Amino acid sequence: MHILVTNDDGIAAPGLQALAAALRELGEVTVLAPERNWSVSGHVKTLHRPLRVHATALADGSPALTTDGAPSDCVALAFLGVVERSIDMVVSGINPHHNLGHDVTYSGTVTAAMEAAIWRIPGIAVSTEYGAEIGYAPAAELGLQVARQVAARGLPTYTVLNINVPAAPLEQIKGFKITRQGMRVYQDELVRREDPQGEPYYWIGGDPPSGIAESGTDIGVLAENWVSVTPLQLDLTSYSFMEKMRDWELEVTGDSG
Ligand SMILES: [Mn+2]
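Residues numbered from 1 in each chain as written. Predicted model: local features only at pLDDT ≥ 70, side-chain atom pairs only at ≥ 80, totals over all residues.

1. As for the environment of L32
Rule in force here: Every helix listed is a DSSP run of H or I at least four residues long, and every strand listed is a run of E at least two residues long, numbered separately from the N terminus. C-beta atoms are placed from the backbone for every residue, and two residues are taken to be in contact when these atoms lie within 7 Å.
Topologically, L32 is positioned in strand β2 (residues 28-34). For the pair formed by L32 and L190, sequence separation is 158 residues and the distance between their alpha carbons is 35 Å. Setting aside its immediate chain neighbours within four residues, L32 contacts L4, T6, L65, T67, C74, L77, A78, V82 and V83.

Structure representation (structure tokens):
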């Protein structure tokens, strides 16, 4: 088993090192992660500039590769040949904030796993809500357990697992729940300021997102100290609405001359 480990917080992030160390129990690990923080960057493919890759080391001394590309670029670069050995699984994280509900479309952590799915290789995203007291050990251990299952059973094509681990010590975590995506409630507010020339500029500010703790959802089970494992698929088609849309009056008509 050869596992590619990446993240969206950058090569120096302690969550990356914790995840790589845990996954060495399961197989050989190659780390290829971005040089800087790409959190909330979505699914990126960098085509308009060259990408550099440098050999480096994590804080624990283990070898790693780093690039000026995005998290999803890391995965693509690895599959395109920057990593010569074939890769059996991609695991992304550990993100220091949960990726829940609609977050998955913004998340660099999750979209790195989605890039693996595009390459038809199992992809897993691991997130927690970091606090200094608990650290990354529970998320690393529980992420490893899911990765073991994926190694043994595989995943359907074009499917990724989005794992969110409660911010709690292992002994307080009740177990795993397979979930669906919940509803995030974003609390973004526009912050308008002026630059020294008097020209306005804007920040997207406001409080961190909350969410609706509905049962069976990622947000709902985390609120009760379960680990949430959501299987996501790249096919975003709304099959139910597709059926209803068949009634729409759409016709190629008119005199286009
Ligand atoms: Mn992040």
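2. So, the sheet that holds strand β3 (residues 53-57)
Note the threshold: Strands are labelled as partners when DSSP assigns at least two bridges between them. To obtain each axis, a line is fitted to C-alpha atoms, and for helices this fit is confined to the stretch in contact; angles are then taken between N-to-C directions over 0 to 180 degrees.
Read across the sheet, 9 strands follow the order β3-β4-β2-β1-β5-β6-β7-β11-β8 without closing on themselves; strand pairing throughout is mixed. Of all the strands in the sheet, the pair left with one neighbour each is β3 and β8 (176-178). In this sheet, neighbouring strand axes are inclined to one another by 25° on average, regardless of whether the strands run parallel or antiparallel. One ladder, built from 3 bridges, connects β8 with strand β11 (residues 227-233); its direction is parallel. Within β11, the position partnered with K177 by the bridge is S228. In the packing of helix α4 (residues 108-118) onto the sheet, the strands contacted are β1 (2-6), β5 (89-95), β6 (123-128) and β7 (159-165), and the crossing angle to β6 comes to about 170°.

3. Looking at unusual backbone geometry
We count it as follows: Comment: burial labels come from other C-beta atoms within 10 Å of the residue's own C-beta, placed from the backbone, where a count of 20 or more is buried, 12 or fewer is exposed, and between is partly exposed.
In this structure, the amide linkage connecting G93 to the following residue, I94, adopts the cis form with an omega of -5°. Locating I94 in the fold gives a position in strand β5. Positive phi is not limited to glycine here, since Y158 has a value of about 60°. Among the secondary structure elements, Y158 is positioned in the loop between α5 (137-153) and β7. Classification of Y158 by C-beta neighbours within 10 Å gives partly exposed; the count is 14.

4. Looking at the pairing of strand β9 (residues 183-194)
With respect to burial, β9 is a largely exposed element, only 1 of its 12 residues being buried. Inspection of the sheet shows β9 paired to strand β10 (residues 200-212) by 11 bridges, in the antiparallel sense. By the bridge assignment, V185 is partnered in β10 with S210. A loop of 5 residues connects β9 with β10, the two strands running antiparallel in sequence, and G198 in this loop sits at a positive phi of about 85°.

5. With respect to the nonpolar core
The condition that has to hold: Core membership is restricted to buried Ala, Val, Leu, Ile, Met, Phe, Trp, Tyr and Cys residues, and these are joined into a nonpolar core through C-beta atoms within 7 Å.
Judged by nonpolar contacts, the single largest core of 51 residues is most densely connected at V5, L19, V31, V91 and A113. Setting aside its immediate chain neighbours within four residues, V31 contacts V5, L16, A20, L58, A64 and L65.

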